[in-house]
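# Observations on chain architecture
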Amino acid sequence: MMSRNGVWCFVSFQCIFVFLAITLSTSICNNVPTYIPGTEQTKLELVREVVELTVPVALKPNDINDYREIVLQPYSNTRIHLANYTKNAAQNIGYAIVQLNAFEYNVTLSYNSSIVDGGHLTGQNVGLLMYGDGDLYAFNLHPHQAVWASLVLMLYNTSAPIPGGCNLEFPVEISPILNLTLTPEIVIVDTPAASVAKPFQGSPNGCGKARLEYESYYYIMPVHDFSQRSYFSAINQLLSYTSAKLSGHQNTLHAPLLPNRHKYGRITGRGMVFVTAVIDPVHRGFALYVPAHTYSCKPFLNLAGCYGLNIPLRLFAIILTFLAVLEVIMGWLPLVVKCLGTGCAIGLLATVEILNFLDKPLAQEWIALYLVGGAIVGALVGLMLGLFAPVAGRISCSFLTGYLICLTLFGMINGNIYTLPNVSWYIALGGLLVGAILSVALPIILITRSFIFGTICIFYGVNAIVGARLDYPLHHFVRRLYVENYERVYAYPALDENDFVAFAAFTITMAVTLFLRSRYQPDEVQDDYSRIVFPCQGRPANGDDEDRIERSTVIAADDTAAYQRFVNEQPIITRWTNGDDDVFESPESNSRFYRLLRRNARR
C-alpha cells in the first residue's frame, strides 16, 4: 500500500522531469542550424554575370529539360540565356517556362536588363514564358545577402494550355505563377486562369470559355526541417506532372464558385509546396504552374515558434496535468466541481454548434461574447445537476468524454472532419453511444468518475506540453466559426513523431496513475460525493453520512488490483486463505466492513 507522501513524491518528480524536458527541448531548438551545412553549399554554382540554359537535342516535352542550383550574389543582375531553342525545339515545342525558386529571400525575374513596369515578377517562386532563344534577367536586390536559387527549364508541346494566359492578378500579361496568401489560420492558393494553346486560340476558346480543368497538388515537407536541401528537394517533387501525381496529394476541395481557389490548414513546424496543373481535355494537353512554397511558421525569424514552444501555455498545461493526475489517483474534487466544469465545456460545444447551424456571419467580438455566455449558462446548468441530480451530472461527464473521443478519432482519420456532410450529427451520436457505454460499464468495472474527468485534462495537457497536434480536431471545431467556408479547407490528417510521443506519454501517465490509484488506499476517497453538505441535499435518514462518501474504489489483494464499490453493497471477500480450514479472509482495506462491526458493537 502506497502512502500519501509517496503519491506526492511521484507527482513532484514527474513535474520536475517535464520541466527539465522542456528546458532541454528549448535549448535544442535554439541551437538548430538555420542554414545548410558547408557540404551542401559547395554543390551550388556561384554566378555573377551569365548562366546558360540549353535546350537538349533529346527533348522531353512537358518535363524538366534543364535543372541547376545557383547562388545569386548580393545586389546583382544575372543574365539567363536560353540557347538552342530554335535549333532543337522549334517544331515540337510550343513554349518554354523558365523558373527561379529562391530559398528564404525574394528575387526578381525580368524580361529586361532593368526593372520595367509590366515586364517582371518578384517573389520566392517566379517564372516567365519564352518562345525562342533569348535572355531573362534575375535580380537579387539584397545589398549584403547572397540568395540560393534553383533554375529550371520546362518545355511544353504545342497542345499544352498556357498557365496564366488569362491572368488578371499580376502585372505581366502571361504569369504562370500562383498567388499564395498566408493567414493566421489557413493558406490560400489562387491560380490565375489559363488559356488554351496558341494554335487553338480564337473566339470559341476565349478566356473564361475554354473547357479547361484544374488539379491542385500539395507536398508536405519533413517536420522541423528548414534546410536549403530540404527546400529544393520539396520543390522538385512537384516540378513535373508525373512527379506531382506520384509524390504529391491532390486537393479536390475548392471554394464555391471559385474552382481556382484552394485552402489548406496550417501545420506548425512544417513547410508546404503547392502546384496547379491545367488540363485541356479537348486537345489533350496539360501544363503546370510554377510551384509555390510557404512555411506555416517563421523559421528564420522565430525558430522557437515552429516547435510550439509557447511557454505560458506549457506552464498552464503542466499545472493542469498535475492536478488531473492527483484527481485520478485520489479523487479529491467534489462532484459539484466536476459537474460545473463539465457543464461549462458542454455549453461551449453547444454554442459553437448552434452558431454554425444558424450560419450567420459574425464578428470575432460577437463570437467571443456568445462563447462566454454559453460557457456561463452551461456552468450554471452543471452546478444545478451537481446539487440536485448527481446521477445526471455523472452521465453528462460520460457524454462529454464520448464526444471528445469521437471528435479526436474523426479528426485524426480525415483531417478537417467538416468536409464530410452532417459530420456533427455523427459525432454527437457517437458521443451518446460512447457515453452510454462508459456510464454502464464503469460501475461494473468499478472505476469512478475521477478517471473520466482526469483523463480529459491529462490528454489535452500532455498534448500541449509535448507540442503535438492531437488537439487539432478541437481547433477545427472552433475555426469554422470565423473562417469563411471552412468546410472547404483541406487539413493534413497524418500524424508525426510529436503526436506519437504525446500519445505514448499520455498512455504511460495513465498507466502509472491507475497503478498508484490501485495502491493508494486512504480511509476515504472523495470521488463522486463530498463531505460538504449542501442545504438542498439534506442529510441521510439514518443520521450517518458514511453512505454519502465514496470509499476507496481499489483494493490490493495478492498484488492484483481489484476495483470495488462499497456504496449500498454488502462486504466483498477478496481471497482465500492458505490454511487447511479453507476459510475466507477479509482484507485490511475493507474499512467499511470493520467500521460496520464497530458500529454494531457500540449498539
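Residues numbered from 1 in each chain as written. Predicted model: local features only at pLDDT ≥ 70, side-chain atom pairs only at ≥ 80, totals over all residues. Heavy atoms only, no water.

## Some points on the overall build of the protein chain
Which entries qualify depends on this criterion: Only runs of H or I of at least four residues qualify as helices and only runs of E of at least two qualify as strands under DSSP, and these elements are numbered from the N terminus. Exposure categories follow from relative accessible area, calculated using a 1.4 Å probe and restricted to protein chains: below 20% of the type maximum is buried, above 50% is exposed, and the middle band is partly exposed. Contacts between residues were defined by any pair of non-hydrogen atoms, one from each residue, lying within 4.5 Å. Accessible areas in this description were obtained via Shrake-Rupley with a 1.4 Å probe; residue shielding takes into account the shown protein chains only.
The secondary structure content of the protein chain amounts to 14 helices and 23 strands. Looking at the protein chain as a whole, 50% of its 603 residues qualify as buried. Look at the contacts in the protein chain between residues 6 or more apart in sequence, and 77% of them connect residues 24 or more apart. Summed over all atoms, the accessible surface of the protein chain reaches about 28900 Å², with 61% contributed by carbon and sulfur.

## Examining the sheet that holds strand β9 (residues 134-140)
Cut-off, in case you're wondering: For two strands to count as paired, DSSP must find a minimum of two bridges between them. Note on method: axes are straight lines fitted to C-alpha atoms, helices fitted across the in-contact stretch only, with angles between N-to-C directions ranging 0 to 180 degrees.
As summarised here, the arrangement of the 5 strands in space is β2-β4-β9-β6-β7, forming an open sheet in which the pairing is mixed. If you trace the sheet from one side to the other, it starts and ends with β2 (50-54) and β7 (120-123), each paired once. In this sheet, adjacent strand axes meet at a mean angle of 20 degrees when their direction is disregarded. Pairing between β2 and strand β4 (residues 76-83): 5 bridges, direction parallel. Counted as the bridge partner of Val50 is Arg79 from β4.

## Some points on the pattern of salt bridges
Spelled out, the test is: In the sections that follow, a salt bridge refers to a side-chain nitrogen of Lys or Arg positioned within 4 Å of a carboxyl oxygen of Asp or Glu.
A full pass over the atoms with the stated rule returns 7 salt bridges. Linking Arg79 and Asp135 is a salt bridge whose minimum nitrogen-to-oxygen distance equals 3.3 Å. Taken together, the residues Arg79 in strand β4 and Asp135 in strand β9 connect sequence positions 56 residues apart. Taking the relative accessible area as the measure of exposure, Asp135 reaches 27% and is therefore partly exposed. Residue Glu353 is joined to Arg480 by a salt bridge in which the shortest nitrogen-to-oxygen separation is 3.1 Å. With Glu353 in helix α7 (residues 335-358) and Arg480 in the loop between α12 (472-479) and β19 (489-490), this residue pair connects regions lying 127 residues apart in the sequence.

## Points about the packing of aromatic side chains
Selection criterion: When the centres of two rings from Phe, Tyr and Trp lie within 6.5 Å, Trp using its six-membered ring, the rings pair. Their planes under 30 degrees apart give stacked, over 60 give edge-to-face, and anything left gives tilted.
On inspection of all chains with the given rule, the structure shows 19 aromatic pairs. Measuring from centroid to centroid gives 4.9 Å for Tyr241 and Phe286, while their planes differ by 40 degrees, and the two rings are tilted. Taken together, the residues span a long stretch of sequence, with Tyr241 in helix α5 (residues 241-247) and Phe286 in strand β17 (residues 285-288) at a distance of 45 residues. In this structure Tyr241 comes out as buried when scored by relative accessible area, which is 15%.

## Here we look at the sheet that holds strand β12 (residues 186-190)
Whether parallel or antiparallel, the strands of a sheet pair through hydrogen bonds between backbone atoms. Pairing is mixed in the open sheet, where 4 strands are placed in the order β11-β12-β15-β19. Edge positions in the sheet fall to β11 (179-182) and β19, since each of these pairs with one other strand and no more. Relative to β19, strand β15 (residues 261-265) runs parallel, the two sharing 2 bridges. From the neighbouring strand, Lys263 faces β19, where its bridge partner is Val489.

## Overview of unusual backbone geometry
Backbone geometry at Asn422 places phi at a positive 60 degrees, although glycine is not the residue there. Residues other than glycine seldom take positive phi values, yet Asn485 does so here, at roughly 55 degrees. The residue Asn485 is located in the loop between α12 and β19 in this model.

## Digging into the packing of helix α6 (residues 311-330) against helix α13 (residues 497-519)
Definition in use: Working definition: roughly parallel below 35 degrees, roughly antiparallel above 145 degrees, roughly perpendicular at 65 to 115 degrees, and oblique for all remaining angles. Helix crossings get a hand from a simple test, with the near helix turned counterclockwise from the far one by less than a right angle marking a left-handed crossing and a clockwise turn marking a right-handed one. The residue classification treats Ala, Val, Leu, Ile, Met, Phe, Trp, Tyr, Cys and Pro as nonpolar and Asp, Glu, Lys and Arg as charged. All others, Gly included, are polar.
It is the contact of α6 with α13, at a shortest axis distance of 8 Å, that shows an interaxial angle of 40 degrees. Between α6 and α13, the angle falls in the class oblique. Crossing of α6 over α13 shows right-handed handedness. Packed against α6, whose contacting residues are Val325, Glu327, Val328, Ile329 and Met330, the element α13 presents Thr509, Thr513, Leu514, Leu516 and Arg517 at the interface. A breakdown of the residues in the contact of α6 with α13 according to their chemical character gives 6 nonpolar, 2 polar and 2 charged.

## So, the state of the cysteines
Each disulfide consists of one covalent bond between the sulfur atoms belonging to two cysteines. The test is simple: Put simply, a disulfide is two cysteine sulfurs that come within 2.5 Å.
Counted under the stated rule, the structure contains 2 disulfides. Covalently, Cys166 is tied to Cys207 through a disulfide, its sulfur atoms 1.9 Å apart. Its S-S torsion of approximately -85 degrees makes the covalent link between Cys166 and Cys207 left-handed. In this pair, Cys166 sits in the loop between β10 (147-157) and β11 while Cys207 sits in the loop between β12 and β13 (213-220), placing the two residues 41 residues apart along the sequence.

## A word on the packing of α7 against helix α8 (residues 364-388)
Each pair of packed helices can be summarised by the angle the axes make with each other and by the distance between the axes. Look at α7 against α8: their axes get within 6 Å of each other, and the N-to-C directions meet at 140 degrees. Here α8 runs oblique to α7, going by the angle between their axes. With respect to the hand of their crossing, α7 and α8 are arranged in right-handed fashion. Where α7 abuts α8, its residues Val336, Cys339, Leu340, Gly343, Cys344, Gly347, Leu348, Thr351, Val352 and Leu355 lie against Tyr370, Leu371, Gly374, Ala375, Gly378, Ala379, Gly382, Leu383, Gly386 and Leu387.

## A look at α8
Filter applied, for reference: A helix is expected to span 1.5 Å multiplied by its residue count minus one.
Between its first and last C-alpha atoms α8 spans 36 Å; for 25 residues at 1.5 Å apiece the expected length is 36 Å, and the two agree. Taken together, the buried positions of α8 are occupied by Ile367, Leu371, Gly374, Ala375, Gly378, Ala379, Gly382, Gly386 and Leu387. Contact partners of the buried residues in α8: α7 and α9 (390-414).

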